[in-house]
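Fold and geometry: a report
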Amino acid sequence: MAEPSAPVDVWEAVAGRRSTRAFTAEPVDRAVLVRALSSASRAPSGGNLQPWHVDVVAGQSRDALVESVLARLERGEPPPEAEYAVYPPSLWSPHRERRFTNGEQLYAALDIAREDRSLRLVQFARNWEFFGAPVGAFITVDRRMGAAQWSDLGGFIQTLLLLLHAEGLGTCAQEAWSVHHDLVTREIGTPAQRMLFCGIAIGHPDPNSSVNRWTSDRVPLDEFTTFH
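First, a word on scope: everything that follows refers to the structure included in this document. Starting from 1, residues in each chain are numbered consecutively following that chain's sequence as written. In view of the model being predicted, local features appear only for residues whose pLDDT reaches at least 70, and side-chain atom pairs are presented and counted only at 80 or more, with totals across whole chains, interfaces and linings using the full set of residues. As a convention, hydrogens and water are excluded, and side-chain values are obtained from all of the structure's heavy atoms.

1. A look at helix α4 (residues 95-109)
At 3.6 residues per turn, the α-helix brings residues three or four places apart onto the same side. If you check α4, its first and last C-alpha atoms are 21 Å apart, about what 15 residues at 1.5 Å a residue would give, namely 21 Å. Residues of α4 that are buried include every one of Gly103, Leu106, Tyr107 and Ala109, and no others. The arc that holds the buried residues of α4, viewed along the axis, is 155°, so those residues lie on one side. Here a residue-residue contact requires only that any non-hydrogen atoms of the pair lie within 4.5 Å. Each helix is a run of H or I in the DSSP string that is no shorter than four residues. Each strand is a run of E no shorter than two, and both are numbered from the N terminus. In this fold, the buried residues of α4 make contact with α5 (117-125). Two residues or fewer after α4 comes Asp111, characterised by a positive phi angle close to 60°. Here, expected helix span is obtained from the residue count minus one, scaled by 1.5 Å. We call a residue buried when its accessible area falls under 20% of the maximum for its residue type, exposed when it is over 50%, and partly exposed in between, using a 1.4 Å probe and counting protein chains only. Throughout, the arc means the angular range of directions from the helix axis out to the C-beta atoms.

2. Topic: the packing of helix α2 (residues 30-40) against helix α6 (residues 147-166)
The axes are straight lines fitted to the C-alpha atoms, using for helices just the contacting stretch, and the angles between their N-to-C directions are given from 0 to 180°. With their axes 9 Å apart at the nearest point, α2 and α6 run at an angle of 145° to one another. As α2 packs across α6, the resulting crossing turns out to be right-handed. Contact with α2, carried on its side by Leu33, Ala36, Leu37, Ser39 and Ala40, involves Phe156, Thr159, Leu160, Leu163 and Leu164 of α6 and no other residues of that element. For this classification, the nonpolar set comprises Ala, Val, Leu, Ile, Met, Phe, Trp, Tyr, Cys and Pro, the charged set comprises Asp, Glu, Lys and Arg, and every other residue, Gly included, is treated as polar. Of the residues in the contact of α2 with α6, the class split is eight nonpolar, two polar and no charged. A crossing counts as left-handed when the near helix is turned anticlockwise from the far one by less than a right angle, and as right-handed when that turn is clockwise.

3. Structural notes on the packing of aromatic side chains
Ring pairs are drawn from Phe, Tyr and Trp, using the six-membered ring of Trp, whenever the two centres fall within 6.5 Å, and their geometry is named by plane angle: stacked under 30 degrees, edge-to-face over 60, tilted for the rest. Within this structure, the stated rule accounts for eight aromatic pairs. These aromatic residues form a ring-pair network of at least three members: Tyr84, Trp150 and Phe197. The lysine or arginine in question, Arg99, covers the ring of Tyr87, its NZ or CZ lying 3.9 Å from the ring centre. Two conditions define a charge sitting above a ring: the NZ of Lys or the CZ of Arg must be within 6 Å of the ring centre, and it must be within 35 degrees of the ring normal.

4. So, the layout of surface pockets
In this approach, a probe sized like a water molecule rolls over the atoms, and the result shows the empty space that is left. Grid spacing is 1 Å over the protein atoms alone, the probe is 1.4 Å, and a cavity is where that probe fits but cannot get out, while a pocket is an open set with protein on both sides within 12 Å along at least five of seven lines and lining residues have an atom within 4 Å of a point. Grid points are joined across faces, edges and corners, and a volume is the space filled by probe spheres set on the points. By volume, the largest pocket is sized at about 2,000 Å³. Along the wall of the largest pocket there are 45 residues; nearest its centre are Ser19, Arg21, Tyr87, Asn102 and Glu175. Counting residues per element, the ones that place at least two in the lining of the largest pocket are α1 (10-16), α4, α5, α6, β3 (170-174) and β4 (194-203). Per element, the largest residue contribution to the lining of the largest pocket is nine residues, and it comes from α4. Looking at the lining of the largest pocket residue by residue, the classes come out as 23 nonpolar, 14 polar and eight charged.

Nothing here speaks to function; it is all geometry.
See below:
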């Protein structure tokens, strides 16, 4: 197993981690993935249920999955009905404005004009290529689990992303993969009892990509915290 990389301060990891949307073709050391996944299992879990399951795809497994989604897009075939809503319907203020601003800033970082809908769609479809990352991971959860266990998934995913950042890798958590849950289930053989929550792109960030230098905004403390 590869030796751990130099330690990264947890404050730096939280501040420095971002969603990577452009990767190099450099392979990812499997030993790093094993170490990060094993350590991420220490994430908080109510009742120690540890409700997460992870499927990692690379090489032919990754490529076959990407090809199946791209083939569907080329055929113009609609995806199946969503199994959960990524956003609440009729998103309200201030969340609606935050989402809008985030999208505008993202496409500005990619130098894609707001009115260029076709190019925006092309960029969004890059989700299903893992943005070029050589490794993908899928997070699934037993359908019988409730909201509290889905919350545990978030803690596990954040812990994993921070550990991979500390290893010098880039990541992007992708709820977009839930749109094609049937293809993911078919390609990786997910049992029917498990629901796909998201995918994660994992690889080495492309240092020459402008989108990797963009960081999304966060509201100030007094907008989301009340001290009593």
